[in-house]
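A look at the structure
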Amino acid sequence: MARVSAQGTRTRSHRCGIQTAWTEAAGAEAAVAAIAESLDVARIAHLVIFFSPVYGVEALNAALARAFPGVRVAGCTSSGEISPMAGLDRGLVAIAFPHEGFRIASTVLEAVDNLDAERAAASIRSLRCAHERISRGGQRFAISLIDGLANAEETVIATIGFGLDGVPLVGGSAGDELTFSETALIHDGQVHRRAAILLLIESDFPVEIFKNDNFEPTGVKFVVTETDEEQRTVRELNAEPAAVEYANALGLDPDALTPTSFAAHPLVVRVGGDYFCRSIRHLNPDQSLSFHCAIESGVVLTLARQKDLVEATRDELARLDARLGGVDLVIGFECVLRRLDAEIHQARHSIAELYRHYNVVGFETYGEQYRSMHLNQTFTGIAIGRPAGS
C-alpha cells in the first residue's frame, strides 16, 4: 500500500527493501523536502531520481544535497515521471536503494557528444573494479541515463557494452517535456550536461531486464536516400523529401504531421530478424525529418502498424511476474511517444492500472537502451522479484 504524506506525496515500501516515493509538490525545495519527509532516510544507500525540468536542475541538486547528506544520488530530467499510482506530468520520483540487498557503484561519462572512447573505457574499468570489491555474488545488471539531446546514445552504448562484458544493460535518455531545449543529469552533487551516468548494480533478489513494444511491420518500405547522420536528420526517403514521402504513405498533408502522427505510425528497421523502432522526433521546415536515433543512408525503413498497447504491456508484465515468481517492482524507461499513443487511444488509465499492479516506477524518455541497442517507442526496464518465501 502507498502511504500519503505532505502535499500529497506518496511512498511505497517494497519487500526487497527499496522505498519509492513521488510528489508533484511545486518548487524544488518543497518537492525534495516532501520526498525526504516521506522516506526513512537512514535506510538509504543510493537514491535514483527522475524529475521534471521545471524544478530547475541546479536548485533541485542543491536541495537534494541538504536533504540527503551522505547519500549517493543519480538521476535525470524527464518528459514525464512514472509512479505506481499514475503518471506525473510535472513531478519528482525517487527510488531509494537500501544498504542491504543491493550493491551499487556508479560513474559519469563526460562530453558524450564527442566521446573519448579510451577515457570512457578506463572509467568503466574503474567502475567494474570498484563493484568487484563490494560484490557478494548476486545477480548483476546496469542502468544507463544518457543526455537525450547529445545525439550520442549509439556510441555511448557501444562503449558501455564493450566495457561491461556481458552484464545486461537497460536505461533511458533524459527528456525535457518535448521542448527539446535542455536536458540534464545529476550525479553525487554535481550537475552534468552532454553526459551519461552508468550504474552497476548487484541484487540479492531475482531480476530480469526486458523490452516491450506494440507494433508490427507492414509492407510499406522506404529507402533512406539522403541523411545527415550527425544531426539524426533524414532529408530524403525514396529520393523524395522525407516528410512528403512519409505523409503520402499515411494519406496526410506533410504540414499536418505532429508528434501524435509519429507515435501512431512508427518506422522500424530490421536487425537480425527482429524489428526495432526508429522514432521521428519532429518535422523540420525544409520537410526533412529528425529522428531520436541515428539513421544511415541506404537503410530500409518499414512503416509499422500498432498492436493494442494495453494488451502488449499486460502480456509482458504477466510474463515477468510468472518468470520471477512475483514482481516486487519494475524500474521502467518508457518512450514519451508511447504516452502520446496511450492518449490517442484513451488508454492512459488502463496503463496506469497495470503500473499500479506491478509497482512500476521510472520516467518517460527520449530513447531507451536495451543490452547493446538504442531504441525508440519501447518500454524497457528491470523487474525485481520478491524475496524467497514472501
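Quick look at the structure, then. Keep in mind the model is a prediction, meaning the values are calculated, not measured.

The rules we used
- Residues numbered from 1 in each chain as written.
- Predicted model: local features only at pLDDT ≥ 70, side-chain atom pairs only at ≥ 80, totals over all residues.
- Heavy atoms only, no water.
- Helix = DSSP H or I, 4+ residues; strand = E, 2+ residues; numbered from the N terminus.
- Rg over C-alpha atoms; globule rule 2.2 N^0.38 Å.
- Buried < 20%, exposed > 50% of the residue type's maximum accessible area, 1.4 Å probe, protein only.
- Contact = heavy atoms within 4.5 Å.
- Areas by Shrake-Rupley, 256 points an atom, 1.4 Å probe, with all protein chains shown as cover.
- Lys, Arg positive; Asp, Glu negative; His and termini not counted.
- Charge placed at Lys NZ, Arg CZ, Asp CG, Glu CD.
- Polar contact = N/O pair within 3.5 Å; in protein donor to acceptor, adjacent residues only side chain to side chain.
- Axes fitted to C-alpha atoms, helices over the stretch in contact; angles between N-to-C directions.
- Parallel < 35°, antiparallel > 145°, perpendicular 65-115°, else oblique.
- Nonpolar A, V, L, I, M, F, W, Y, C, P; charged D, E, K, R; others polar.
- Pairing = 2+ DSSP bridges.
- Expected span 1.5 Å × (residues − 1).
- Arc of directions from axis to C-beta.
- Left-handed = near helix turned anticlockwise from the far one by under 90°.

1. With respect to the overall build of the protein
The helix and strand tally for the protein stands at 9 helices and 28 strands. What you see for the protein is a C-alpha radius of gyration of 20 Å, in line with the 21 Å of a compact globule of 390 residues. Projected onto the principal axes, the alpha-carbon positions of the protein cover approximately 60 × 45 × 40 Å. In the protein, which comprises 390 residues, the share counted as buried stands at 58%. Taking as baseline every contact in the protein between residues at least 6 positions apart, the subset at least 24 positions apart corresponds to 80%. Here the protein has roughly 15,000 Å² of accessible surface; of this, 47% comes from carbon and sulfur atoms. Treating the 35 positive side-chain charges of the protein as one cloud and the 50 negative ones as another, the clouds have centres 7 Å apart.

2. Some thoughts on the side chain of Asp147
In this structure, Asp147 sits in strand 10 (residues 139–147). A relative accessible area of 0% places Asp147 in the buried class. A polar atom in the side chain of Asp147 sits 2.8 Å from the backbone nitrogen of Leu149. A distance of 2.7 Å separates a polar atom in the side chain of Asp147 from the backbone nitrogen of Arg194.

3. Looking at the packing of helix 7 (residues 309–324) against helix 9 (residues 348–358)
In the contact formed by helix 7 and helix 9, the axes pass within 10 Å of each other and the chain directions differ by 10 degrees. In terms of their interaxial angle, helix 7 and helix 9 are classed as roughly parallel. Mapping the contact onto sequence places Leu309, Val310, Thr313, Arg314, Leu317, Ala318 and Asp321 in helix 7 and Ser350, Ile351, Leu354, Tyr355 and Tyr358 in helix 9. Taken together, the residues of the contact of helix 7 with helix 9 sort by class into 8 nonpolar, 2 polar and 2 charged.

4. Re the sheet that holds strand 28 (residues 379–385)
Pairing is mixed across the open sheet formed by 6 strands, whose spatial order is 7-6-25-24-28-15. Of all the strands in the sheet, the pair left with one neighbour each is strand 7 (87–88) and strand 15 (207–212). In this sheet, strand 25 (residues 360–365) lies alongside strand 24 (residues 327–335) in parallel orientation, the contact comprising 6 bridges. Paired with Ile331 across the strands is Val361, a residue of strand 25. Of the strands in this sheet, strand 15, strand 24 and strand 28 touch helix 7, which is tilted by about 165 degrees from strand 15. Those strands touched by helix 9 are strand 6 (81–82), strand 7, strand 24, strand 25 and strand 28, and its axis lies near 145 degrees from that of strand 24.

5. A look at helix 4 (residues 153–164)
The end-to-end C-alpha separation of helix 4 is 16 Å, in line with the 16 Å expected for 12 residues at 1.5 Å each. Restricting attention to buried positions, one finds in helix 4 the residues Glu153, Val156, Ile157, Thr159, Ile160, Gly163 and Leu164. Across the axial projection of helix 4, the buried residues extend over an arc of 165 degrees, all falling on one side. Of the exposed residues in helix 4, the ones pointing more than 90 degrees away from its buried face are Ala158 and Phe162. Asp165 lies just past helix 4 and shows a positive phi near 55 degrees.

6. Structural notes on the packing of helix 1 (residues 28–38) against helix 2 (residues 57–67)
Following both chains from N to C, one finds helix 1 and helix 2 inclined at 35 degrees, their axes separated by 9 Å at the closest point. Crossing of helix 1 over helix 2 shows right-handed handedness. Every residue of helix 2 that contacts helix 1 at Ala28, Glu29, Val32 and Ala36 is listed here: Ala59, Leu60, Ala63, Leu64, Arg66 and Ala67. Per-class residue counts for the contact of helix 1 with helix 2 are 8 nonpolar, no polar and 2 charged.

7. Focus: the pairing of strand 2 (residues 10–13)
As paired elements, strand 2 and strand 3 (residues 19–23) share 4 bridges and run antiparallel to each other. Residue pairing for strand 3: Ser13 is matched across the bridge by Gln19. What sits between the antiparallel neighbours strand 2 and strand 3 is a turn of 5 residues, in which Gly17 has the positive phi angle 105 degrees.

8. Comments concerning the sheet that holds strand 9 (residues 102–109)
In spatial order, the strands read 9-14-10-11-26-27; together these 6 strands make up an open sheet with mixed pairing. Each edge of the sheet is formed by a strand with only one pairing partner; in this case those strands are strand 9 and strand 27 (373–375). Here the strands of the sheet are splayed against their neighbours by 20 degrees on average, with no regard to which way each runs. Pairing geometry for strand 26 (residues 368–370) and strand 27, over 3 bridges, is antiparallel.

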